[in-house]
Amino acid sequence: CSANEACLGGRCVLGCADDPYEINGDQSMDVAPHIEWTLGEDAGVRSSGIQSRTLCPQDEDWLKINMAQGERIEVVIESRPSSGPLEVSLINALGDVLVTNDPWSITYALRYPEPRQGIAVGEYYLRVRAMSQIETHPYQLEVRVTPQEQACFSDRNDPNDDTPSGAQQFGLTPALRFTEQA
């Protein structure tokens, strides 16, 4: 199907096309695909990298994540503000919502659980949905998981500032002084 069409029942129809991550569907917990890790490994610090995704009207995106004992998760979403707020929830295998972001904030992010309170081993789900479904809602998603011992998530814009050799220089603008002249 072309960029402005969706594949429904094997036919191309005008409408919102799902993103490439939704080949086999991701409309519910039952068919949620596993998150694809592009950085790290399954048993340690890992990241999905930044994925460009799309929410169609009346759509939800679901992802499945296998978590090891004591791990923490961070989910960061950036989207087009004009499309309205996004709600991101972490849900356990029983369907209980563990944490939900503030959909009205500028940056959509959540971290779970609190430091020194690692998660239990098992399957967890991320649900992303738009609070207002007027139009197609493009967004970028990044999921990071870390063992409890390394439970601090680095800033994406400054990932190597933990040692003096990785320190970044501030780009401060000198203060300007104005004087009044009569």
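None of these values were measured; they are calculated from a predicted model. (Residues numbered from 1 in each chain as written. Predicted model: local features only at pLDDT ≥ 70, side-chain atom pairs only at ≥ 80, totals over all residues. Heavy atoms only, no water.)

**Q** I'm lost on the overall build of the chain in this one. Help?
**A** Helix and strand content of the chain: 0 helices and 12 strands. Taken from the N to the C terminus, the helices and strands of the chain come in the order β-β-β-β-β-β-β-β-β-β-β-β. Residues classed as buried in the chain amount to 37% of the 182 residues present. Contacts spanning at least 24 positions in sequence make up 73% of the contacts within the chain whose residues lie at least 6 apart. Summed over all atoms, the accessible surface of the chain reaches about 11500 Å², with 52% contributed by carbon and sulfur. (Helix = DSSP H or I, 4+ residues; strand = E, 2+ residues; numbered from the N terminus. Buried < 20%, exposed > 50% of the residue type's maximum accessible area, 1.4 Å probe, protein only. Contact = heavy atoms within 4.5 Å. Areas by Shrake-Rupley, 256 points an atom, 1.4 Å probe, with all protein chains shown as cover.)

**Q** Help me understand the sheet that holds strand S8 (residues 86-92), please; the structure alone is not making it clear to me.
**A** Backbone hydrogen bonds are what pair the strands of a sheet, in a parallel or an antiparallel way. Strand order in the open sheet formed by 4 strands is S6-S11-S8-S9, with antiparallel pairing between adjacent strands. Here the strands that pair on one side only, and so sit at the sheet edges, are strand S6 (60-67) and strand S9 (97-100). Mean inter-strand twist for the sheet, computed between neighbouring axes without regard to direction, equals 20°. As defined by bridge partners, S8 adjoins strand S11 (residues 122-130) across 7 bridges and the pair is classed as antiparallel. (Pairing = 2+ DSSP bridges. Axes fitted to C-alpha atoms, helices over the stretch in contact; angles between N-to-C directions.)

**Q** I'm lost on the confidence of the model for the chain in this one. Help?
**A** Caution is warranted with low-pLDDT regions, since their predicted coordinates should not be read in detail. Averaged over every residue, the pLDDT of the chain is 75; the share at 70 or more is 64%. Mean pLDDT across the elements of the chain ranges from a minimum in strand S1 (residues 5-8), with 62, to a maximum in S9, with 92. Ignoring residues within four places in sequence, the model shows residues 172-178, a span with pLDDT below 50, making 0 contacts including any to other chains. (pLDDT = per-residue confidence, 0-100.)

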